[in-house]
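What the coordinates show
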Amino acid sequence: MDEVLDKILENYFENDGNSLTILQDIEKSYGYIPEDAVCRISRKLDIPPSRFFGIATFYSQFHLKPRGKHIITVCRGTPCHVKGSEKILNRLQMELDIPRGEDTSEDLHFSVEEVNCVGACGLSPVVVINSQVQGQMSINRMIEEINKLRALD
Amino acid sequence: MDKKDIVIKVCSGTGSLSAGGKDVLEAFRSLAASTGTQAEFRDRCTAHQVGCRGFCSRDVLVDVIINGEKITYELIKPDMVPRIFEEHILQGDPVDEWMAGEQHREFHAAQTKIVLSHCGEMDPESLDAYLASGGYEAAHQAFVRMTPGEIIEEIKRSALRGRGGAGFPTGLKWEFAGRMRSKEKYVVCNGNESDPGAFADRCIIEGDPHSVIEGMMICARAIGAERGYIYVRDSYALAVKRLGLALRQCREHGFLGSNVFDSGFDLDIRLYPAPGAFICGEATALMKSIEGKRAMPSPRMWRTAEKGLWGRPTVINNVETLANVPRILGRGAEWFAGVGTENSGGTKVFSLTGKVKNTGLVEIPMGVTLREVIYGIGGGMVEDRAFKGIQLGGPTGGCLSEAFLDSRVDYESLALAGTIMGSGGMVVLDETSCIVDTARFFLDITQAESCGKCTPCRLGLRRMFEILQRITNGHGRNGDIELLEDLGSHIRATSLCGFGMTAPNPVLTTIRYFRDEYAVHIKDRKCPALVCKNLLTYSCIQENCTGCGLCKKVCPSDAIRGTRKKSHKIDQDLCVKCGSCFDACKFDAVLRE
């Protein structure tokens, strides 16, 4: 871990970065914000960890728990809501056995997240599967896509 | 057959890419590069990507232009490409059945494209294409031939106003920042478009990133800034990618860096991927975010143009505002002012969505009526159902009723009606949309996105949301409407930033214009639009039921009883109101009320 963190700190000093850019680098390196990483950085920079966690919990970009290998984001914008995104979301959580109140399955294979709007409203309902925007989604197609991902593993 | 110039343009916005636009482009490219084509046309047959043209529901859209004559195809899939190539391009005989029809013409006919003029026409990843259309001439002029005073004067005369929502005159903002004496000044492009249902900024950046950069360069020159930030939502992956590429191209060509255009001025523009929070669209919160802090708005003791980023004079302009700037310098302030109304020049881009036939990105001159947008460009209501209302300006905007269909779309008229221009979301509602449910939906977003600094906004919005929730669940109480009004007006009056001041809008405007619908939900426990699940009942119409048993099969809670070929019954105690039987019944025998 130290090696990665040293590199992040190097970047911080070189590009006159700030607490937020450090967190962005951590998120990029680990896929989430490990508590341990924040504590180490905070000791090295003499900035209280609470400042980092305050920022990390404020923005939707940061995650405090490990995320799944495949990330499925369901758009919850107005047009998608009108066209039934909630049904897709509920079905996904059921299909992937995601515990209530969580967004990642226990085997860390899938994360199901929500986003306010991805700005592809002409194609609602929209689901983003591993950064690929997929429009005019239906429950049946969603299940097909999941099976494709499962077949990859 | 000789001397034919053939250009193939394939849409490449987020919408198109998800519909397979990349494969369509590749298919055209490989056919254009094939030996047969090369032998016949040499290099006069080219296929390239263009930015989004706003009509994403018909993607993939393809233009085939032969000697300047354009034919547009819609809903194209890669396997359709060879036939278009063979019949249209080689034999000169367009494929009629795939051509975009009346709907496409209607959608574009009533629009005036200024900001979106490049989108759908040129390759957004090519600097050469932008230069060929006169790109960076306005910036060159601003750096080499004009004084900052002249630029500001020109922008002021154009009557350009901030497209982020509040509509502050852009020229005036630049003047405030220009007057300040400071060694460091900043120009920031606000691309934190987070309104659900708004995607204008995303399309502009994806389709024409250089216009935004050029607008920033002109602003930087006018106010004397040497550093700029483009603050764009991290979840707009394609926009972030194209902006990064465009910035690199500019640096390589010397449009950015030291001694821009040999004018002696330095300018560096950096991309700042926004970490994602609705509130970051607010100016003071956005600056906190760039400074690396929690994005909580602060009291506006000074204008940001006077004391902004790190306490230095900072101009924050919206993506669309900046994209207008090169056009104003290029074609003149008078022309621009002539397009809009007296108080606001130019056009505004709206994201038209909801229950209209044509949804997508539309650009209209300021001052056009809502009726013209909905029934002209939008092609009217889906299935010709009755118009009910229109939500303008995103989740902090307001919902207008039919009485306002003839009101004009400009800052003053909309404010008078109780809503805002906002970021340009237009969600059209019809008789099958429930007003209370819509208000609840918006409050659900705003109560979660409140930054938490001011109590009225943090707790008040939450309470309003809970009241709306109980109304839509059938537990509304007498006095709830008055309570919502009271809470809403207090939140409006006592919040620090524009977010809290506008967040109660959806509730307050819907109560103002659709009070009866709230009353029916509370007193009669009914939802006239048949949307609120807990207020519905499903029953079987005995005369229509043939006893086919389909409903029984789809019911997830075994609530339907009956023997085959005899009419069925729905057990209200077991019914979970999912509506599966209603959707499945082929004989209209399920009554939903």
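Our subject is the structure listed above.
The model shown is predicted, which means the values in this text are computed figures rather than measured ones.

A look at the overall build of chain B
Secondary structure summary: chain B contains 24 helices and 18 strands in total. Scaling as 2.2 N^0.38, a compact globule of 593 residues should have a C-alpha radius of gyration of about 25 Å, and chain B matches this with 27 Å. The dimensions of chain B, computed from C-alpha atoms along their principal axes, are 85 × 70 × 40 Å. Contacts spanning at least 24 positions in sequence make up 70% of the contacts within chain B whose residues lie at least 6 apart. When the accessible area of chain B is evaluated, it comes to approximately 23500 Å², of which 50% is carbon and sulfur surface.

Details of the sheet that holds strand β4 (residues 132–134) of chain A
All names here are of chain A. Read across the open sheet, the 4 strands follow the order β2-β1-β3-β4; overall the sheet is mixed. Each end of this open sheet is capped by a strand with a single partner; those strands are β2 (110–115) and β4. The average angle at which neighbouring strand axes cross in this sheet is 25 degrees, direction not considered. As paired elements, strand β1 (residues 70–75) and β2 share 6 bridges and run parallel to each other. Across the sheet, the residue bridging to V74 is E114, located in β2. Lying over the sheet, helix α6 (residues 85–95) contacts β1, β2 and β3 (127–129), oriented at roughly 155 degrees with respect to β1.

Observations regarding the side chain of B:K173
All names here are of chain B. Among the secondary structure elements, K173 is positioned in helix α9 (residues 170–179). Look at K173: it is buried, it has no salt bridge, and the nearest opposite charge is E282 at 11 Å. When sequence neighbours within four positions are dropped, the list of residues in contact with K173 reads F168, A305, V315, I316 and N317.

Digging into the packing of helix α11 (residues 209–223) of chain B against helix α12 (residues 237–252) of chain B
Residue and element names in this part refer to chain B. Remark: α11 packs on α12, axes separated minimally by 9 Å, with the N-to-C direction vectors making an angle of 55 degrees. For the element pair α11 / α12, the angle class is oblique. In the packing of α11 onto α12, the handedness of the crossing is right-handed. Residues P209, H210 and I213 of α11 touch α12, and the partners they reach there are R242, L243, A246, L247, Q249 and C250. Split into classes, the residues belonging to the contact of α11 with α12 amount to 6 nonpolar, 2 polar and 1 charged.

Calculation rules
Residues numbered from 1 in each chain as written. Chains lettered and ligands numbered in written order. Predicted model: local features only at pLDDT ≥ 70, side-chain atom pairs only at ≥ 80, totals over all residues. Heavy atoms only, no water. Helix = DSSP H or I, 4+ residues; strand = E, 2+ residues; numbered from the N terminus. Rg over C-alpha atoms; globule rule 2.2 N^0.38 Å. Contact = heavy atoms within 4.5 Å. Areas by Shrake-Rupley, 256 points an atom, 1.4 Å probe, with all protein chains shown as cover. Pairing = 2+ DSSP bridges. Axes fitted to C-alpha atoms, helices over the stretch in contact; angles between N-to-C directions. Buried < 20%, exposed > 50% of the residue type's maximum accessible area, 1.4 Å probe, protein only. Lys, Arg positive; Asp, Glu negative; His and termini not counted. Salt bridge = Lys/Arg side-chain N within 4 Å of Asp/Glu carboxyl O. Parallel < 35°, antiparallel > 145°, perpendicular 65-115°, else oblique. Left-handed = near helix turned anticlockwise from the far one by under 90°. Nonpolar A, V, L, I, M, F, W, Y, C, P; charged D, E, K, R; others polar.

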